[in-house]
Amino acid sequence: PSARTFYDEVGGEETFRRLVQRFYAAVRTDPVLQPMYPQDDWEGAETRLRGFLVQYWGGPTTYSEQRGHPRLRMRHAPFAIGPVERDAWLTHMRDAVDSLELPPEQDATLWGYLEMAARSMQNR
Ligand code: HEM
């Protein structure tokens, strides 16, 4: 059997579904972030972010089967992401991570990555 992944440890698909659902519910009402997203494809946006995170943490690789190599910095280039956008994104993600009530060590692992990734996505 293959090694237990972080994805398994935090509760698998269900955990990432809750995380991303909660995150996008907030993004959809955020005056800074909402206009950046495809208004007719919120479900698709949710599927893409969830699929990416699932794959990143060792779950099924459906994301890359459907989208290819992530190349996230390149995919974010069309969006103007300055400190304000980055912090709005992180605020909603922090709230969504809190809602999972993970053990402190798992929370720190997940959050450390998300914070680093959000900084690296800033392009303005
Ligand atoms: C896509 C904004 C950070 C992962 C998108 C989209 C927007 C966006 C507007 C297009 C929605 C779509 O059609 O899928 C932002 C902003 C960020 C941010 C404002 C603030 C820093 C991040 C971070 C990650 C991430 C930190 C990963 C940990 C993704 C993924 C997609 C995406 C996987 C879909 C890529 C694709 O397959 O097309 N983001 N993003 N984003 N974002 Fe972000």
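Structure shown above.
Residues numbered from 1 in each chain as written. Predicted model: local features only at pLDDT ≥ 70, side-chain atom pairs only at ≥ 80, totals over all residues. Heavy atoms only, no water.

Caption draft 1: Local environment of the nonpolar core. Tyr 24, Leu 53, Trp 89, Met 93 and Leu 114 are the most contacted members of the largest nonpolar core, which has 33 residues in total. Mapped by element, the contributors of at least two residues to this core are α1 (6–9), α2 (12–27), α3 (42–56), α6 (83–100) and α7 (104–121). At seven residues, the largest contribution of residues to this core is made by α6. Apart from residues no more than four positions distant in its own chain, Tyr 24 is found in contact with Tyr 37, Trp 42, Ala 45, Glu 46 and Leu 49. (Core = buried A, V, L, I, M, F, W, Y, C linked by side-chain atoms within 4.5 Å. Buried < 20%, exposed > 50% of the residue type's maximum accessible area, 1.4 Å probe, protein only. Helix = DSSP H or I, 4+ residues; strand = E, 2+ residues; numbered from the N terminus. Contact = heavy atoms within 4.5 Å.)

Caption draft 2: Quick look at the site of the ligand. Every one of the 21 residues lining the ligand counts as a neighbour, but Tyr 37, Arg 48, Tyr 63, Arg 67 and His 76 are closest to it. At a separation of 2.6 Å, an oxygen atom of the ligand approaches a polar side-chain atom of Arg 67. At the level of secondary structure, the elements contributing two or more residues to the shell around the ligand comprise α3, α4 (62–67), α5 (72–76), α6 and α7. Among the residues forming the shell around the ligand, the class breakdown is 16 nonpolar, one polar and four charged. (Near = heavy atom within 4 Å. Polar contact = N/O pair within 3.5 Å; in protein donor to acceptor, adjacent residues only side chain to side chain. Nonpolar A, V, L, I, M, F, W, Y, C, P; charged D, E, K, R; others polar.)

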